[in-house]
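Residue-level structural notes
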Amino acid sequence: MSPAQKKNIALQTLIIIGAPLIFLFSIDLMGEAFNHLGRGVAESILFATSNPFIGLFIGLLITAIIQSSSTSTSMIVALVASGSITIAEAVPMIMGANIGTTLTSTIVSLGYITKKTEFRRAIAAGTVHDFFNIFTALILFPLEYYYGFISSSSQYIANLLVHNNENAALNEYGFKLFRSIPLTSFVIEKINNGLIGIALSFILLFGSIKMLSKVISKLIIGESQEKLRNFIFNNSAKSFFWGAGLTAAVQSSSVTTSLVVPFVATGRISLKKVTPFIFGANIGTTITAFIAVLFKSNAVISIAITHLLFNLIGVIIFLPFPFMRRIPMRVAVMFGKLTMNYRITGFIYIILTFFLIPFTLIYFNNNASKVNELTYSVNDNGSHYEKTVIARRSVNTKNVMWQPASQENETSDLQNSKVLNIYRNKNLLFINNRFFLINKPGFCWDDENAKGKFQTCITEILPEWNSQVSSDSVFVYTRKFYNSELSTYNYKYYISIKEQLLLKIEKLNQDKEVIFSTELTQVNRD
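Predicted, not measured: the structure shown is a model, and the values here were computed from it. (Residues numbered from 1 in each chain as written. Predicted model: local features only at pLDDT ≥ 70, side-chain atom pairs only at ≥ 80, totals over all residues. Heavy atoms only, no water.)

1. Brief notes about the side chain of Thr 136
Where we set the bar: A run of DSSP states H or I qualifies as a helix once it reaches four residues; a run of E qualifies as a strand once it reaches two. Both are numbered from the N-terminal end. The buried label applies to any residue whose accessible area, calculated with a 1.4 Å probe on protein chains only, is under 20% of its type's maximum; exposed applies above 50%, and partly exposed to all values in between. Identification of polar contacts relies on pairs of N or O atoms within 3.5 Å, with a donor-acceptor requirement for protein atoms, meaning one able to donate a hydrogen and the other able to accept it, and with residues adjacent in sequence counted only if both atoms are side-chain atoms. Residue contacts follow a heavy-atom distance rule, with two residues in contact if any of their heavy atoms lie within 4.5 Å.
Relative to the helices and strands, Thr 136 resides in helix H7 (residues 116-147). Owing to a relative accessible area of 1%, Thr 136 belongs among the buried residues under this scheme. A polar contact is formed between the side chain of Thr 136 and the backbone oxygen of Phe 132, at a distance of 2.7 Å. The residues touching Thr 136, leaving out its near neighbours within four places in the chain, are Phe 310, Gly 314 and Phe 318.

Okay, here's the thing in structure tokens:
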């Protein structure tokens, strides 16, 4: 082995070992940077993601611009970890990222524009990935928008996999190596600027993924494309699993899906044989999100599961059934024929789908919520302190999802969360992951969360609330667990339904003494 070859092997080994560490460090750094941003930036993020349609197109646009769903998904993980957005707000962004990543293969197919027949086949191969993700989003987005199907399912699975720590704040996340070696906090202190920290973390994140993708794709694919072509596409099952495996290895569906475009364009592989490979690539690309959530919180793990669920459900819908599998294939073939006859169609499709429509919808839907800063006075066993949260009140969202409680402590979502999400739908009021029915005093209902079964009752409606923050009548709810150990405690919630404000929480012991309380003392309205 020559010295040059040894040097090349050493360099590749260094990248394979170093790139994942840089990747994990960049995620940690990005989360810390988001935590150091001021209220204005946090409000901007809330405004942008409060409308699910806007979240969808933000994910699409970002991924189309940076050409990496792995990078954009990891950024979403950091946003959720820092408490800037909720799981429900992140789901549409994940869906958009899946659509945005298909741009690469479509652009690759435009390289055959001078060869009529090859161009038609290349466009079909390049856009079958697009239409698969678009059709999957068309099916799942309404289910998420109206029922919170993906977000509630992912959090339910996360609750089964990861035990919640009632004392852990949402932003206590990160790769353990960077907690034992305080590199992240050292960098943030030296930079002392949240925006610069985010920019640096993004550069490291994007660079680490690209480096690892380039080295591994060269090692796995390299000069063996012809052998891989003959071996991979023998049958649908093998093609699917190879697509998932290769994409998981190179951490980029853009690389693997773009790889098959030349094979289809030159007629060496049919579109029918390539389609299962592309479906598998959609599953393989979710590995990046799971790497990004190493040693992180339950809420952040839910995002990785969300990414997997979206792609897995799409595969289950389309792959097993030949007539369903032919739908994105036929649309792609029809689009290929149209583009062959009118070459400008391909460019118009890219500009409209990935840039113009997202920009337009984001611009015209930027007032979907109102954001206030709420200050709470907390009394915890004689210890007094203040807690400030940003409250987002939705204007037009219809998401009425209820997720199983992700916190062990009934009051910990207010203690630990930096954002209080409040929205109402008819006779339901949602505050973060809890819902309250609006009815008359004496009305009760049973429910359960991670701690067990409980009963919630409306005990009274106070005609007024003697406070500067609210003059409206207040609903008083009590919550009591059936569990013998927990039944010694009662929880009382004081809520202004009209103003959609959580005014007070009390935790009482068996002697009806308040051992914990948090009360709203100030509202800075937008």
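2. Observations concerning the packing of aromatic side chains
The cut-off we apply is this: Stacked, tilted and edge-to-face are the three classes assigned to paired rings of Phe, Tyr and Trp, where Trp is represented by its six-membered ring and a pair needs centres within 6.5 Å; plane angles under 30 degrees give stacked, over 60 edge-to-face, the rest tilted. Charge-over-ring placement is defined geometrically: NZ (Lys) or CZ (Arg) within 6 Å of the ring centre, and within 35 degrees of the ring normal.
One pass over the structure, following the stated rule, counts 21 aromatic pairs. Ring centres of Phe 141 and Tyr 145 lie 6.0 Å apart, and the angle between their planes is 15°; on these two criteria the pair is classed as stacked. A residue pair is termed a helical-turn pair when its members lie 3 or 4 positions apart in one helix, as Phe 141 and Tyr 145 do in helix H7 at four residues. Accessibility classification places Phe 141 together with Tyr 145 in one group, the buried group. The interplanar angle of 25° and the centroid separation of 6.3 Å between the aromatic rings of Phe 475 and Tyr 477 together place this pair among those described as stacked. The pair formed by Phe 475 and Tyr 477 is uniform in burial state, with each residue classed as buried. By the ring-pair criterion, three or more aromatic residues cluster together here, those being Phe 436, Phe 443, Trp 445, Phe 475, Tyr 477 and Tyr 493. A cation over an aromatic ring shows up here: Lys 504 above the ring of Tyr 494, its NZ or CZ 5.7 Å from the ring centre.

3. Here's the deal with helix H15 (residues 271-284)
The condition that has to hold: Each helix should span, by expectation, one fewer than its residue count multiplied by 1.5 Å.
Given a rise of 1.5 Å per residue, 14 residues ought to cover 20 Å, and the 20 Å separating the end C-alpha atoms of H15 matches this to within 8%. A large share of H15 lies buried, amounting to 12 of its 14 residues. Buried within H15 are the following residues: Leu 271, Val 274, Thr 275, Pro 276, Phe 277, Ile 278, Phe 279, Gly 280, Ala 281, Asn 282, Ile 283 and Gly 284.

4. Here we look at helix H5 (residues 87-100)
Taking 1.5 Å per residue as the helical rise, H5 with its 14 residues ought to reach 20 Å, and the 20 Å between its terminal C-alpha atoms agrees with that figure. Counting buried positions along H5 yields 14 of 14 residues, so the element is predominantly enclosed.

5. Brief notes about the pattern of salt bridges
For side chains bearing opposite charge, pairing can occur when the charged atoms are close. To keep things clear, this is the line we draw: Here, a salt bridge means any Lys or Arg side-chain nitrogen found within 4 Å of an Asp or Glu carboxyl oxygen.
If you walk through the whole model with that rule in mind, you get two salt bridges. The salt bridge involving Glu 506 is made with Lys 504; its shortest N-O contact spans 3.0 Å. One exposure class covers both Glu 506 and Lys 504, and it is buried. With a shortest N-O distance of 3.9 Å, Glu 519 and Lys 504 are connected by a salt bridge. One end of the pair, Glu 519, is in strand S11 (residues 514-524); the other, Lys 504, is in strand S10 (residues 501-508), and 15 residues separate them in sequence. It is possible to trace a salt-bridge network through shared partners that takes in Lys 504, Glu 506 and Glu 519.

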